[in-house]
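Listed below are the residues making up each chain.
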Amino acid sequence: MIVFLIKRIGNAILVMLAVAFLAFLIFRFLGDPVEMMMNESATQVERDELRARLGLNDGFLVQYGRFVVNAAQGEFGLSWRNQQAVVTLIAERFPATFELVLIATIISLVVGIPLGVFTAIGRGRWWAESLQFSSVIGVSLPSFLVGILLILVFSVSLGWLPGYGRGEVVNLGWWTTGLLTPSGRAALALPALSLSLFQVTLVMRLVRAEMLEILRTDFIKFARARGVPRRPLWFRHALKNCLMPVITLTAMQIGNLIAFALVTETVFQWPGMGMLFMQAVTFVDIPVMAAYLCIVSFIFVALNTVVDIAYAVIDPRLRKA
Amino acid sequence: MLMKTIMASTALLVLSLPASAETFRWGASRDIGSLDPYSYGDSFTLGVLNHVYEGLVRYDRNLEIEPALATSWEILSPTTWRFKLREGVKFQNGAEFTADDVQASLKRASDPKSPLKGNIPAYKGSRVIDAHTIEIDVSENYPLLLNDLTTIYIFDAGWLKDNNAEAPTDVGSGVEGFATYNANGTGPFKVESRQPDAKSVFVKFDGWWDKPQHNIDRIEFSPIASDATRVAALLAGDIDFTDKAPVQDIPRLEASPTVKLLEGTDLRTVMLGFSQRDQLISGAPNPMKDVRVRQALQLAIDLDLIQKRVMRGKSRNAGTLVAPPIPGYDAALDTPIKADPDKAKALLKEAGAEGFEFDFNCTDTLVNEEQICQAIASMWSRVGLKPKLDQAPRAVQTPKRSSGKVDVYTLGWATLPMLDTYSLTSQVLHTKEGTFGIFNWGGWSDKEFDALTEAAATELDRTKRLALEAQSLKVAKEHVLMIPLHQQPLTWATTNKVADLPLMPDNLPRLWLVKK
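Every chain's residues receive numbers from 1 upward, in the order its sequence appears when written. Written order decides the labels, with chains lettered from A and ligands numbered from 1. Note on the predicted model: pLDDT of at least 70 is required for a residue's local features to be given, and 80 or more for side-chain atom pairs to be given and counted; whole-chain, interface and lining totals, by contrast, use all residues. Computation of side-chain values covers all heavy atoms of the structure but excludes hydrogens and water.

Undergrad: Would you mind showing me how to read the overall build of chain B here?
TA: Numbering of helices and strands starts at the N terminus; helices are DSSP runs of H or I of at least 4 residues and strands are runs of E of at least 2. For chain B, the helix and strand inventory stands at 15 helices and 17 strands. Rg of the C-alpha trace for chain B: 25 Å, near the compact-globule value of 24 Å for 516 residues, within the 12% margin. Taken along its principal axes, the extent of the C-alpha atoms in chain B is 95 × 60 × 45 Å. For this analysis, residues touch if any pair of their heavy atoms sits within 4.5 Å. By sequence separation, contacts in chain B at least 24 residues apart represent 69% of the contacts at least 6 residues apart. One finds the centroid of the 58 positive side-chain charges in chain B at a distance of 4 Å from the centroid of its 67 negative side-chain charges. A radius of gyration in this sense is built from C-alpha atoms; the matching globule rule multiplies 2.2 Å by the number of residues raised to 0.38. His residues and chain termini do not enter the charge count, which takes Lys and Arg as positive and Asp and Glu as negative. Lysine's charge is taken at NZ, arginine's at CZ, aspartate's at CG and glutamate's at CD.

Undergrad: How do you make sense of a positive patch on the surface when you look at a structure like this?
TA: Residue and element names in this part refer to chain A. Within this analysis, patches are made of residues with over 30% relative accessible area and no salt bridge. Like charges are joined at 9 Å or less; nonpolar side chains (Val, Leu, Ile, Met, Phe, Trp, Tyr) at 5 Å or less. Using the Shrake-Rupley algorithm and a 1.4 Å probe, accessible areas are obtained, with residue cover drawn only from the displayed protein chains. A side-chain nitrogen of Lys or Arg and a carboxyl oxygen of Asp or Glu constitute a salt bridge if their distance falls within 4 Å. A cluster of like positive charges, contributed by Arg125, Arg224, Arg230 and Arg231, occupies part of the molecular surface. Residue placement: Arg125 occurs in the loop between helix H5 (86-121) and helix H6 (126-140). Assessed through its relative accessible area of 49%, Arg125 is described here as partly exposed. Any residue under 20% of the maximum accessible area for its type is buried, any over 50% is exposed, and the rest in between are partly exposed; the area is computed with a 1.4 Å probe on protein chains only.

Undergrad: Help me understand the nonpolar core, please; the structure alone is not making it clear to me.
TA: Across soluble globular proteins, nonpolar side chains show a tendency to be buried alongside one another. Buried Ala, Val, Leu, Ile, Met, Phe, Trp, Tyr and Cys residues form a nonpolar core when they are joined through side-chain atoms within 4.5 Å. One finds Trp26, Leu56, Phe83 and Leu149 of chain B to be the most contacted residues of the largest nonpolar core, which totals 69 residues. Leave out the neighbours within four places in its chain, and Leu149 of chain B touches Gly55, Leu56, Val57, Phe83, Leu106, Ile120 and Ile136 of chain B. Counting residues in hydrophobic clusters, the runner-up holds 52 residues, among them Val34, Val86 and Leu195 of chain A together with Tyr40 of chain B.

Undergrad: What is the right way to look at the environment of Ser426 of chain B in this model?
TA: Residue and element names in this part refer to chain B. Position of Ser426 among the secondary structure elements: in helix H13 (residues 421-429). For Ser426, a relative accessible area of 6% corresponds to the buried category. The sequence separation of Ser426 and Asp31 amounts to 395 residues, and the corresponding C-alpha distance is 30 Å. Among residues more than four places away in sequence, those in contact with Ser426 are Phe436, Gly437 and Thr453. In terms of polar contacts, Ser426 uses its side chain to reach the backbone carbonyl oxygen of Tyr422, at 2.6 Å. Under this definition, polar contacts are N or O atom pairs within 3.5 Å; protein pairs additionally need one hydrogen-donor-capable and one acceptor-capable atom, and for neighbouring residues in sequence, both atoms have to be side-chain atoms.

Undergrad: Explanation requested: the packing of aromatic side chains in the structure shown.
TA: Two measures describe an aromatic ring pair: the distance that separates the ring centres and the angle between the ring planes. Each pair of aromatic rings taken from Phe, Tyr and Trp, with Trp reduced to its six-membered ring, is defined by centres within 6.5 Å and is described as stacked if the planes are under 30 degrees apart, edge-to-face if over 60, and tilted in the remaining cases. All chains considered together, the criterion is met by 30 aromatic pairs over all chains. When the ring of Trp26 of chain B is compared with that of Phe221 of chain B, the centres are 5.0 Å apart and the planes differ by 90°; the resulting orientation is edge-to-face. One end of the pair, Trp26 of chain B, is in strand E1 (residues 23-28); the other, Phe221 of chain B, is in strand E10 (residues 218-223), with 195 residues separating them in the sequence. Each member of the pair Trp26 of chain B and Phe221 of chain B is classed as buried. Geometrically, the ring pair formed by Tyr53 of chain B and Phe155 of chain B is tilted, given 4.8 Å between the ring centres and 45° between the ring planes. Of this pair, Tyr53 of chain B sits in the loop between helix H2 (43-49) and strand E2 (57-59) while Phe155 of chain B sits in the loop between helix H4 (145-149) and helix H5 (157-162), placing them 102 residues apart in sequence. Neither Tyr53 of chain B nor Phe155 of chain B differs from the other in exposure class; each is buried. What links up through ring pairs into an aromatic cluster is the set Phe24, Trp26, Phe44, Phe221, Phe241 and Trp492 of chain B. Counted as over-ring charges are cases with an Arg CZ or a Lys NZ within 6 Å of the ring centre that also lie within 35 degrees of the ring normal. A cation over a ring is seen here: Arg81 of chain A above Phe283 of chain A, with NZ or CZ 4.1 Å from the ring centre.

Undergrad: Sorry if this is basic, but what is going on with the interface of chain A and chain B here?
TA: Note: interface size is frequently given as the accessible area lost on complex formation between the parts. Of the residues lining the interface, 49 residues belong to chain A; the matching set on chain B comes to 57 residues. Buried surface area refers to the total accessible area, computed with a probe of radius 1.4 Å, that the two partners give up upon joining, counted for both partners together. Summed over both sides, the interface between chain A and chain B buries roughly 4,400 Å², with carbon and sulfur atoms accounting for 53% of that surface. Where Lys199 of chain B meets Glu168 of chain A, a salt bridge forms, and the shortest distance between an N and an O atom there is 3.8 Å. At the boundary of chain A with chain B, the tally comes to ten residue pairs in polar contact (both at pLDDT 80 or more). Looking at the side of chain A that touches chain B, the elements with two or more residues in it are helix H2 (33-37), helix H3 (44-53), H5, helix H7 (143-157), helix H10 (230-268) and helix H11 (273-282) of chain A. Broken down by element, the side of chain A that touches chain B gets its largest block of residues, six residues, from H3 of chain A.

Undergrad: So what exactly am I meant to see when it comes to the side chain of Arg194 of chain B here?
TA: Residues and elements named next belong to chain B. Locating Arg194 in the fold gives a position in strand E8 (residues 189-195). Judged by its relative accessible area of 17%, Arg194 is buried. In terms of polar contacts, Arg194 uses its side chain to reach the side chain of Asp31, at 3.4 Å. A distance of 3.2 Å separates the side chain of Arg194 from the side chain of Ser200, its partner in a polar contact. The residues contacting Arg194, other than those within four sequence positions of it, are Asp31, Ile32, Gly33, Ser34, Leu35, Lys199 and Ser200.

Undergrad: Before we go on, may I ask you to explain unusual backbone geometry in this structure?
TA: One can expect most non-glycine residues to show negative phi and most peptide bonds to be in trans. All names here are of chain B. Residue Leu416 is joined to Pro417 through a cis peptide bond whose omega torsion reads 0°. Residue position: Pro417 is located in the loop between strand E16 (408-413) and H13. Look at Asp197: it is not a glycine, yet its phi comes out positive at around 70°. Looking at where Asp197 falls in the secondary structure, it is placed in the loop between E8 and strand E9 (199-204). Relative accessible area serves as the criterion here: at 2%, Asp197 is assigned to the buried category. For Thr415, which is not a glycine, the phi torsion comes out positive at approximately 65°. Along the chain, Thr415 falls in the loop between E16 and H13.

Undergrad: I'm lost on the packing of H13 of chain B against helix H14 (residues 447-457) of chain B in this one. Help?
TA: When two helices pack together, their arrangement is given by the angle between their axes and by how far apart the axes lie. Residues and elements named next belong to chain B. Between H13 and H14, the least distance of the axes is 10 Å, while the angle of their chain directions is 135°. The pairing of H13 with H14 is recorded here as oblique in orientation. For the pair H13 and H14, the crossing hand works out as left-handed. Judged by residue contacts, Tyr422, Thr425, Ser426 and Leu429 of H13 engage Phe449, Asp450, Thr453 and Ala457 from H14. Each residue receives one of three labels: charged for Asp, Glu, Lys and Arg, nonpolar for Ala, Val, Leu, Ile, Met, Phe, Trp, Tyr, Cys and Pro, and polar for the others, Gly being one of them. Here the residues of the contact of H13 with H14 sort into four nonpolar, three polar and one charged. Only C-alpha atoms enter the line fits that serve as axes; for helices the fit covers just the stretch in contact. Angles between N-to-C directions range over 0 to 180 degrees. Here the angle decides the label: under 35 degrees means roughly parallel, over 145 means roughly antiparallel, 65 to 115 means roughly perpendicular, and every other value means oblique. By definition, any crossing whose near helix is turned counterclockwise from its far helix by less than a right angle is left-handed, and any crossing with a clockwise turn is right-handed.

Undergrad: It is not clear to me how the sheet that holds strand E4 (residues 70-77) of chain B should be interpreted in this structure. Could you clarify?
TA: In any sheet, the strands associate via hydrogen bonds between backbone groups, in a parallel or an antiparallel arrangement. Residue and element names in this part refer to chain B. Strands qualify as paired when DSSP identifies two bridges or more between them. As summarised here, the arrangement of the four strands in space is E4-E5-E7-E6, forming an open sheet in which the pairing is antiparallel. Across the chains shown, the open sheet's two edge strands, defined by having one partner strand only, are E4 and strand E6 (123-130). Strand-to-strand, the axes of this sheet are offset by a mean angle of 20°, without reference to chain direction. Strand direction decides the pairing type here: E6 and strand E7 (residues 133-138), joined by six bridges, are antiparallel. Bridge pairing in E7 links Asp130 to Thr133. With respect to the sheet, helix H3 (residues 99-109) is in contact with strand E5 (80-85), E6 and E7, its orientation differing from that of E6 by roughly 170°.

Undergrad: Got a minute to help me understand the confidence of the model for chain B in this structure?
TA: Atomic detail in the predicted coordinates should be set aside for any region of low pLDDT. Residues and elements named next belong to chain B. For every residue, the predictor assigns a confidence score, pLDDT, that lies between 0 and 100. Averaged over all residues, the pLDDT of chain B is 90; the fraction at 70 or higher stands at 96%. A low-confidence stretch, residues 9-19 (pLDDT under 50), is modelled with zero contacts involving residues beyond four sequence positions or located in other chains. The ipTM for the predicted assembly is 0.81, set against a pTM of 0.85.

Undergrad: What is the right way to read H13 of chain B from this model?
TA: Residues and elements named next belong to chain B. In terms of burial, H13 is a largely internal element, nine of the nine residues being buried. Within H13, the full set of buried residues consists of Thr421, Tyr422, Ser423, Leu424, Thr425, Ser426, Gln427, Val428 and Leu429. The inward-facing, buried residues of H13 contact strand E12 (259-274), E16, H14, helix H15 (462-478) and strand E17 (482-495).

Undergrad: Can you walk me through the side chain of Thr415 of chain B in this structure?
TA: Residue classification places Thr415 of chain B among the buried residues on the basis of a relative accessible area of 1%. Apart from residues no more than four positions distant in its own chain, Thr415 of chain B is found in contact with Val322, Ile326, Asp420, Ser423 and Leu424 of chain B.

Undergrad: What's the story with the confidence of the model for chain A in this structure? I'm lost.
TA: Residues with a pLDDT of 70 or more make up 97% of chain A, whose mean pLDDT is 84. Mean pLDDT across the elements of chain A bottoms out in H2 of chain A (74) and peaks in H5 of chain A (90).

Here's what the structure looks like:
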């Protein structure tokens, strides 16, 4: 087991190093931050001095090595644009993204699971089939379009919900939350809905497939023969057996959602990590971009590793793999 | 009893009316970089922070320089200016404004590590004469010091010292600066809170030295980067004002009964530049060194068509390289060149440059830049040329441009923050040498032009200097150093709750002049 753990964690570190390397390779060709940072009337000498101070004249491997050594200590330097520590910037934005992802995940489970059950038990009926069909639209609509449509309907036409920003937030020391104020909750509604749409269909389709499978199994047939009423049969006996893959999927999708949130955050001006990254791209703010990519991939890698280890704990056969 | 209650509540209502806080919600197209005006020299950040910090002088409604923290000034010698400072000015932390503050601020702005250093190129040093008099040393006969000082905002020397912020933040060193998060100026508004990317709140500073012309108590500044979201927020009444209404949404905003559009023309002139090196980037000899080829490129472009189709009638065709409000502009030069494809073809034939291939470098920064470039490329194809359109974000294109790896490129130049033709002639058109010609990406060198620019650089007599600048623009036009296209449209939009907001051609809202 210990060998397995070391192997998995070693793998994770290798993946992180590769991600950091790729990130650096991309930024190498991204553009010249100095041109974006200097005022129009700065002289060439001043530009050259700034380039030297930022260490842009060093070789690629030197820059990469410096980045990895610093990053391992949680030190990502100063944002070139905001002149704030990148770690602080990301830590400030993380609660916004996390709350958005959390609420989107809850919506996707609360809406997706019942929908999955209904489409499974109503298989062949017109309402189940039309739900199934509209889920295809849910998957294929690009999320920025969904976001704009939601804004047009709920914010411009009906005026029910705000279309941008995070509303009033409460500061809990190291965490800011919008969940405790009415305006914060109102502001969360549209972006969370827009972000969860894809997730809802995913959960719904997974639950439907699993339900169909389980409804065919013997133990359901026997239960039915024993006279178990339909409702507890579906929601207690059958659904319980579907939830394991749903939970696994949801855990794995959290990383995805954090990454996907980038588009939603841009549309709704949600002050999260994705917004920060977009701003950094516009201004070639390499420390921020590098840190963002590393942190998001760290979340991915960590989630995957934890899931793998959890499986190995449950099923000893997997330890040899 | 009932009567009493009604009277009491009416009285309360009347009393509470003037005290009710008038909030002005500004949905901007982007966020400011930081609260430190010396952190990042872009005009927009400086413009927003101008509500908190002030310079010795400022621009009025007509973009004329007027006294701000200085009340008067005189030129003592070709290298020394003396400024009389305003008395009774208080910083937002209560400290008194004195000459020491000016000296500390100038020192901070001109620090070798300050990105704002280029905004005050002629500064050499300063001497405090008494609490409200300061002398500033500049390079010899420098005429534009006042223009430069409009963006050098004054910090409180004591506050800088107490918070260890006397030097500007150095991004290379990895240490954060106090002024990035905190502000203490003399301006009409003070910072209440700042959440980057989300919302910054400014509240009225009651101790402001000037008589407020505005009637707002609070500014909520929210950046909303997505055009569609910003327009939606305005239509929904979630914001009062945006400084950037997208050109494609103008008809929709015009149709809305709750929205008012403020339309004007930007100071930014859009132009095309050419490589004047011996070779094109493909390695072929460069035919654009021949003035006839440059004329042909100009004659092939139909400005009216671009104005009508691409810019939807909102831009202003340009005949010269600076916009009318900019000192040095000469109306006599401002006649746009009429398109004449046949003459263009004839000129190309005469120069032996028919059908040559070149790279056309475009970015995404100017209004409708992509469409402008496509239109021009097809106009050039029509006279038999072979432009290769290279379109990419500014961050990608700028390194190519500054290293001279371009044949033809777009450029927008507003002359900010200097607001003088000299900004263009010295930075864009002068031979690239020393502090001159940083944006001379084409690499041309015209001795006659350089001499005129340098003469204007040290001419203190305003009339003579402007005449010299007009003369240099004439040379640029005759030699077709660059092709002027148009001044960009400038569209602000407010809800009809906003009664008065002066639209400034430098695209910087000045909310101390707003009435709601």
